[in-house]
Amino acid sequence: MSLDSLGIEDFRCIERAELALHERCNLISGENASGKTSLLEAIFVLGRGRSFRTAKAETLIRNSMPALQLTARVRSEGSARPLGLRLGKDGIEARYSGRPVSGLAELATILPAQAIDPEVHRLIEGGPQERRRFLDWGVFHVEPNFVGQWRRYQRALRQRNAALKAGAAPAVVRAWDPELVEAGELVAGSRARYLQALAPHVAATAERLLGNVLDISLHRGWSAERTLQESIEASWIRDREGAVTHAGPHRADIGVRFAGLPARDRVSRGQQKLAAAALLLGQLRCDAELGSSVAALLVDDPAAELDAGNLERLLKEVVGLPAQLFVTALDPTNPALANLPEGHRFHVEHGSVTRLI
């Protein structure tokens with residue numbers, strides 16, 4: 001799966017751009033704030049319906065324009081089909097091969113995209129939500145039933161929390177417990193199975209990047225000594241007092257340890273970037289082994305905070321993946337970039353994109 005072409009209109013500083021893309025590698029150079037990262041961001045939005053840089057979708061729309069539009073031709077199984085997305089103040093709308101896309105979950109299956117950007121270290125030092133999102137993206141692509149399980153759980157959780165906040169009678173709140181427990185156990189089970197498959201890939205990738213093993217473990221979101229039902233029972237008084245559900249997979253996290261100690265406290269910022277990259281690249285290798293694949297791997301300014309040796313090791317891992325690559329660089333003559341596969345080269349200046357090769 002790959003992108004044959006990309007069209008961008010009114011996305012950040014890019015008024016309009018049309019790119020014919022290489023199926024293997026696309027290197028994008030330009031000064032800071034020129035718009036090169038926006039190209040990667042546009043691909044990510046096209047595949048995820050959200051940005052990897054901001055949660056405020058309205059900031060993606062250029063100046064005072066009413067909406068942004070992204071188009072692409074997605075090649076899969078020998079044929080290319082059109083994909084289009086419009087994002088405006090009235091929301092997001094996408095179409096694929098002439099029909100409406102049902103939601104973000106379907107969009108992610110049409111164009112699976114993953115990004116390694118200068119803020120990727122947040123996967124290590126950030127809060128549990130970052131790591132849950134990472135984990136669930138992987139589970140989603142290898143377990144077809146996961147989205148339904150996750151939605152069931154989220155619906156029960158919202159209803160239970162709403163009842164708690166409204167001060168409803170215990171019977172009204174607890175009426176949601178059976179659905180919460182059943183769906184929650186399914187979500188946690190899917191996550192645990194996936195993490196077991198993922199762990200050796202992450203460990204091996206980290207050893208090549210960092211010279212030591214990165215161990216990952218799943219904290220389900222409730223005590224390992226109890227079932228989810230028992231944990232919900234035990235936290236009832238606390239739930240009532242705080243008007244929120246405290247036990248469940250919405251509180252899950254991934255423990256990340258480097259050389260036996262928590263990675264957050266053990267490694268430098270540059271090492272955090274490599275550790276986070278090991279998680280993402282290990283995930284892509286795991287998913288490929290389990291029958292899923294990523295269409296676009298977006299690597300934004302890989303040289304940031306990495307010395308020459310670490311940059312070379314990172315790019316070697318990136319090149320080894322079966323994905324269409326999009327890499328940005330401030331200096332396209334950096335010797336480490338010479339190891340990238342042959343492909344197309346673009347230059348971005350003030351939002352204007354020029355193909356060099």
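Residues numbered from 1 in each chain as written. Predicted model: local features only at pLDDT ≥ 70, side-chain atom pairs only at ≥ 80, totals over all residues. Heavy atoms only, no water.

Concerning the pattern of salt bridges
To keep things clear, this is the line we draw: Any Lys or Arg side-chain nitrogen located within 4 Å of an Asp or Glu carboxyl oxygen qualifies as a salt bridge. The helix count covers DSSP runs of H or I at least four residues long, the strand count covers runs of E at least two residues long, and both are numbered beginning at the N terminus. The classification of residues rests on relative accessible area computed with a 1.4 Å probe and restricted to protein chains. Under 20% of the type maximum is buried, over 50% is exposed, and intermediate values are partly exposed.
All chains considered together, the criterion is met by 19 salt bridges. Here aspartate 4 ties to arginine 75 by a salt bridge, and the two come within 2.8 Å at their closest N and O atoms. Separated by 71 residues along the polypeptide, aspartate 4 in strand 1 (residues 2–11) and arginine 75 in strand 4 (residues 67–76) bring together distant segments of the chain. A relative accessible area of 24% places aspartate 4 in the partly exposed class. With a relative accessible area of 32%, arginine 75 lands in the partly exposed category. One salt bridge in this structure joins arginine 62 and aspartate 10, with 2.9 Å as the shortest N-O distance. Residue arginine 62 is found in the loop between helix 1 (36–48) and strand 4, and its partner aspartate 10 is found in strand 1; the two are separated by 52 residues along the sequence. With respect to class, arginine 62 is no different from aspartate 10; both count as buried.

What to know about the environment of aspartate 307
Which entries qualify depends on this criterion: Each polar contact in these results corresponds to two N or O atoms within 3.5 Å; when the atoms are within protein, one needs to be able to donate a hydrogen and the other to accept it, and residues that are neighboring in sequence are counted only if both atoms are side-chain atoms.
For aspartate 307, the location among the structural elements is in the loop between strand 12 (296–299) and helix 12 (308–319). The exposure class of aspartate 307 is partly exposed, given its relative accessible area of 47%. For the pair aspartate 307 and glycine 270, spaced 37 residues apart in sequence, the C-alpha to C-alpha distance is 8.7 Å. A polar contact of 3.3 Å, which involves the side chain of aspartate 307, links it to the backbone nitrogen of glycine 309.

Worth remembering: the numbers are spatial, not functional.
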